[in-house]
Structures are given as structure tokens and as C-alpha cells.
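Secondary and tertiary structure notes
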Amino acid sequence: MGLDLAIKNGTIVDGSGGSRYRADIGIQNGKIVEVGRIHSSANEVIDAEGKVVAPGFIDGHTHMDAQVAWDPLGSCSCWHGVTSVVMGNCGFALAPCRPGQQEWLARCLEAVEDIPTEAMMAGINWTWETFPQYMDNVAKLPKAINYGAFLGHSALRMYTMGNRALTETATEDDLKHMGDSVSEALGAGALGLSTSRASTHVTPDGSPIASRIADWSEIDYLVDVMARHNHGIFQIGPDVASGEAHKTFLNRLQKVAVDSGRPVMFGTLSTRQGADPFPWQSQMQYLDDTVDAGGRIFGQTTTRPIIALFSVKSYLPFDNLPVWRELRELPIQEQQQRFADPEIRRALVADEAGMKPRDDTFQGGGAATTDPKKPDYTNLYALKGVDWDDPTIDELSRMRDQHPVEVMLDLMIENEDQLFVQPLVNETPEDVLGMLRHPRTLATFSDSGAHVCQEMGSSLQTHLLSYWVRHRKMFTLEEAVRMVTFDNASAFELADRGLLRLGYRADIVVFDELAIKPRLPTVESDLPACRNPIS
């Protein structure tokens, strides 16, 4: 019997970090069955002459929980070579969920992850209650990529405790019920449990999300359930309210890692903003110290800044100001015409002067667009490319001898697709490089599926291959492919992915190493019942 698919004449970069070689790949029933010079017949042949053949990329930090219901392709992740994603990060999930809680969970996802509630309510056929039922639902949906999921702590608390989850610590009875749900979820294929202590993670009314109400003894209890099963990863959104808060958080997290023996993951971030940052170098040392103490721990990092994107087609930092609010209701072309009117320009500039001054508080989630502070124009860029070399609005303002708002107005008049990018964290390339080079970090923090009107992090992998490999030459192609394939597969305990080996899943990406590169983001109106996501 012939092969289902043969990929011939390609240059194999197999995910191990080892040297490339030329070979064919034979696939049958979704698995790799031949590697070498293939002579067998195949139902389909892909000629990969001049191209790299690599394992499909793995993204372990996404929020695709809702999008999987209406987007069979898994965009934008699939466009960047991603074949497997992990959703349900930071305690946010759509299951378990009692009848009547659906809109509440959706609004919490909107408040933190910027996924519009109306899109979720219109695009999801909400037929499940328990986590196993949700996974059954995902399994039945048409999909182009693979989906794994964490059991979300905030959803679990709401399911178990109702509204008490937002104000009270758990009772012994609550803990037992939640522990039983953890066991049930692991049995249904959950990759583990996720939670958040991040001060930026709030409910629609601005109060802490349910997982932040839990005390550490509750976390100890739930992670210990995974330890008893000897299965499951614990992922957590860190408290970065200040450098001191971050240190306190990490000290307590180390105890969880050492006591449980389960793999622990959290976001490692750098910033030069704020009065009391906890340097990324200290976070890297913390990873090593935790392993030396007997824990298993990974930092999740990005390959570029975590950002807020603004445009005339989506959001601008000034949209909540009175004069701007009225103008922004108009069609784009009419807005552009008014942007050019001298009297209106003066009013728009005057309106900006009344904005709240920026302080040292980190703004994440939806707050970067719903309650923006006065922009720091030295940290607001006019996006021209994807190579981290865009001019700031402050630079353009001084070059043109114009107010920064006038600069932005002129750019939007010239090009209705002009994007402005504000780095929130990881804004310094050399800091990001330092984290990426550390052996205990994972290049896997795209947030794909979330912040759809705010950023586009799904190009993490192609940015790594174009910027850090080809442009900066800081990693070889083999090293970079390993980082987004085998390293992630190993950390997430995905035993049959991440390498091009006999018997492994045939999740494969074929690309031109000299051309692979993310394009500029665009604003598209493609969400159910919504408008203005960025892709």
C-alpha cells in the first residue's frame, strides 16, 4: 500500500537542534513512517526542493478557547507555522461552566484577554458544562491544527463556589470538589491546571478575578492533586504589580514547584519602565535556583515586545476623550478629512492635553485600550516594518516640529492602515535576547486568540526565524526551530510531537528560510457579531 503523502527533496531541520540534512518524509495515517530516500508511491507528493522541512511549531500560551468554535483554520497561528496550541492559560477558560454562567465567563475573558463578549455569545454553541464535555466539543469541531487545554482555576472556582469565588477563600468541601474536578480533567486530557495572581487580571467591574481570591494553600492543594496523579503542568500568571510583589510571588511559587515536583510555568518579562522592576536577570537566576532546590520550572517568554496596537480602524489612545469620541463615530474617510481641518486639529490636540498622565502602573489586558493614559510618545512607534526599527512619535514630532498628536493625524491622513505600536513589556531587544538564550525559558507566549483588537502576537515564530535568525544572526536556524518545536513539546510533555522521527505525528511545516517573515498586521472585521480585530 502506498503512502498518503510524501514530502520530497527538502532540507530537514528535524527539531533536535542537530545539523540539517537532505531527505524525503513519508506519511501514512497521520504519522511519519519513512525518512530518507523514498521510492514508495504516494497519493500526494509535495516537492520541497529549496525549502526547509521542519516539525510543526508548538505554541504553549494561547487563548484560543473561544476562537476554536468559529475558526476551523486556527488563524492567525496556522499562518505562522503553528500546528499545535495550548489554550486555557492564566486560569481563563470556558469550562467548567454552570448554566447561566456563560456570559459572565465571556465578560471576564473580555475584561482581561480582550475577546469581545458579543463574539463569544454569537460564535459559540455552548453545549457543555464540565471540562470533559468541553474537550468532547472541541474534538468534534472542524480543525486545521491541534488543541490542548489547561483546566482554568478561575472557571473552576466559579463552577464550584458560585459568586463566593469572587470574595471568599475555599472551604474544605470546596477544595474537595475542585480537587475532584482536577482529577476528572486530567482523565479527560487536560494538560494541567492554570491560574493567575496578576494584578492586571480583573473582572468586568474591576475587582480581582476568582483565582486571585484563592490563597496559596488552595493552590498547594490543587497542584498536589496533580502530584498524586504524577501528571499535569501548573501554569500561572505572575504578580508583577511591583518588583517586591514579584519577588514575593516567586518565592511562594518556588515552594509549590519543589513540594509538588510537577512542572511549573510562568511568564518571564522584562521592562525598563516603572520605578521598581524585578530585572529579568534575577528571574533567570530564580529559574536555576528553583531547579537546584529540586523543582521543575520554565519561564515562558516572547521573541519581541508585548504590545498595544492602535489605528484609525480600531482603537486610538484618545478615543474616550469628548472631542475624539464624537469624531471617531464617523466613517474613516470623513475622519481623515476632519483630521486635516486646522480648527478641528487644535481641538483634538487640546483634548489630548487633558488626559491622565502616565504613571508607573503596568497596564495589561483590555485596560491598554479601554482606559489608556496619556501616551509616552518616546515609547509609541509608527509601525513601518517588523524589524524592531520603527521611529517613535516623539522622534517624528521633533523632526517635523509638530505636536505628537498632529504627527499621528498626518500619518493617518496619508494612510488609513497606519498602525501605532506601544510596547508594554519586553520592549528592549537585548533583554528579550537574554531571556531567549536561557536554557529554562520557552519561546511560547503569543497570547494568540486574545487581545484581538490590541495586538497580534501570533507571529512569534516567524519573527524568531526572520529577526533573530536571519536579521540578527543570534541563533542558527536549527537552534531556533528546536526552540519552537522540541523544547516546547518536551516541556508540555507531548511525547509524539516536536521532532521529525519515525512514529511521530506528521505535524510538519515547509518554508523558505530566506523569505520567512511576518507581514505587517492588518485590521480585519472577521469576528462573529463584531468588528475591528487585528490579524
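**Some points on empty space enclosed by the protein**
Counted by the stated rule, this structure contains 5 cavities of 30 Å³ or more. What the second largest cavity holds in volume is close to 110 Å³. Taken together, 14 residues line the second largest cavity, and the ones lying closest to its centre are Phe92, Leu105, Cys108, Ser154 and Ala155. Sorting the residues of the lining of the second largest cavity by element identifies α1 (102-113) and α4 (153-161) as the ones contributing at least two each. Counting residues per element, the lining of the second largest cavity draws most heavily on α1, which supplies 4 residues. Class assignment for the residues of the lining of the second largest cavity results in 11 nonpolar, 3 polar and no charged.

**With respect to the nonpolar core**
Within the largest apolar cluster, 96 residues are counted, with the highest numbers of intra-cluster contacts made by Tyr134, Phe234, Leu253, Leu465, Phe475 and Phe511. Apart from the residues within four sequence positions on either side, Leu253 is in contact with Trp216, Phe234, Ile236, Val264, Phe266, Tyr286 and Ile297. Grouped together as the second largest cluster of nonpolar side chains are 24 residues, Phe339, Leu380, Val407 and Phe420 included.

**Overview of the confidence of the model for the chain**
Mean pLDDT over the chain: 93, with 95% of residues reaching 70 or higher. Counted against residues more than four places away or in other chains, residues 362-369, with its pLDDT under 50, gives 25 contacts.

**So, the side chain of Ser75**
Along the chain, Ser75 turns up in the loop between β6 (57-59) and β7 (82-87). Since its relative accessible area comes to 14%, Ser75 is described here as buried. Within the structure, the side chain of Ser75 is placed 2.7 Å from the side chain of Asp71, a separation counted as a polar contact.

**Some details on the packing of aromatic side chains**
Inspection of every chain in the model, using the stated rule, returns 12 aromatic pairs. Judged by centre distance (4.6 Å) and plane angle (35°), the ring pair of Phe318 and Trp324 falls under tilted. Classification of Trp324 by relative accessible area gives buried; the value is 0%. Taken together, the ring pairs connect Trp216, Phe249, Phe266 and Tyr286 into an aromatic cluster. The ring of Tyr159 has Arg98 sitting right over it, with the charged end atom 4.0 Å from the ring centre. Residue placement shows Arg197 over the ring face of Trp216; its charged tip is 5.1 Å from the ring centre.

**Quick look at the sheet that holds strand β14 (residues 306-311)**
Working definition: the strands of a sheet are paired by backbone hydrogen bonds and lie parallel or antiparallel to each other. The strand order β14-β16-β15 describes an open sheet built from 3 strands, whose pairing is antiparallel. Unpaired on one side and paired on the other, β14 and β15 (381-382) mark the two borders of the sheet. Across 6 bridges, β14 lies against strand β16 (residues 419-425) in antiparallel orientation. Looking at β16, one finds that Ser311 is bridged to Leu419.

**Some points on the packing of α4 against helix α7 (residues 216-229)**
In the contact formed by α4 and α7, the axes pass within 13 Å of each other and the chain directions differ by 100°. It follows that α4 is roughly perpendicular to α7 by the angle criterion. Seen from α4, the contacting residues are His153, Leu156 and Arg157; seen from α7, they are Glu218, Ile219 and Leu222. Of the residues that constitute the contact of α4 with α7, the class distribution is 3 nonpolar, 1 polar and 2 charged.

**Quick look at the packing of helix α17 (residues 460-471) against helix α18 (residues 477-484)**
Direction vectors running N to C along α17 and α18 enclose 155°, while the axes themselves pass 10 Å from each other. On the basis of their axis angle, the class for α17 and α18 is roughly antiparallel. The interaxial crossing formed by α17 with α18 has right-handed handedness. Of α18, the residues touching α17 (which contributes Gln461, Leu464, Leu465 and Val469) are Leu477, Ala480, Val481, Met483 and Val484. Its residues assigned to classes, the contact of α17 with α18 shows 8 nonpolar, 1 polar and no charged.

**Quick word on the layout of surface pockets**
Taken as a whole, the second largest pocket spans an internal volume of roughly 730 Å³. In terms of lining, the second largest pocket is formed by 36 residues, of which the most central are Arg304, Val386, Ser459, Pro518 and Arg519. Those elements giving two or more residues to the lining of the second largest pocket turn out to be β14, β16, α17 and β18 (508-511). Here the lining of the second largest pocket takes 3 residues from β18, the largest share from any one element.

**Looking at the pattern of salt bridges**
Taken as a whole and judged by the stated rule, the model has 30 salt bridges. Here Arg98 and Glu129 are joined by a salt bridge, their closest N and O atoms 3.5 Å apart. Pair noted here: Arg98 is in the loop between β7 and α1 and Glu129 is in the loop between α2 (117-123) and α3 (131-140), with a separation of 31 residues, a long-range link. Overall, Arg98 belongs to the partly exposed group, its relative accessible area being 36%. Between Arg440 and Asp288 there is a salt bridge, with its nearest N and O atoms 3.0 Å apart. With Arg440 in the loop between α16 (429-437) and β17 (441-443) and Asp288 in helix α9 (residues 280-292), the pair connects residues that are 152 residues apart, well separated along the chain. Look at Arg440 and you get partly exposed, because its relative accessible area is 28%. By relative accessible area, which is 23% here, Asp288 ends up partly exposed.

Reading guide: rules and limits
Residues numbered from 1 in each chain as written. Predicted model: local features only at pLDDT ≥ 70, side-chain atom pairs only at ≥ 80, totals over all residues. Heavy atoms only, no water. 1 Å grid on protein atoms, 1.4 Å probe; cavity = no way out; pocket = protein on both sides within 12 Å on 5 of 7 lines; lining within 4 Å. Points joined across faces, edges and corners; volume = space filled by probe spheres on them. Helix = DSSP H or I, 4+ residues; strand = E, 2+ residues; numbered from the N terminus. Nonpolar A, V, L, I, M, F, W, Y, C, P; charged D, E, K, R; others polar. Core = buried A, V, L, I, M, F, W, Y, C linked by side-chain atoms within 4.5 Å. Buried < 20%, exposed > 50% of the residue type's maximum accessible area, 1.4 Å probe, protein only. Contact = heavy atoms within 4.5 Å. pLDDT = per-residue confidence, 0-100. Polar contact = N/O pair within 3.5 Å; in protein donor to acceptor, adjacent residues only side chain to side chain. Phe/Tyr/Trp six-rings, centres within 6.5 Å; stacked < 30°, edge-to-face > 60°. Lys NZ or Arg CZ within 6 Å of the ring centre and 35° of its normal. Pairing = 2+ DSSP bridges. Axes fitted to C-alpha atoms, helices over the stretch in contact; angles between N-to-C directions. Parallel < 35°, antiparallel > 145°, perpendicular 65-115°, else oblique. Left-handed = near helix turned anticlockwise from the far one by under 90°. Salt bridge = Lys/Arg side-chain N within 4 Å of Asp/Glu carboxyl O.

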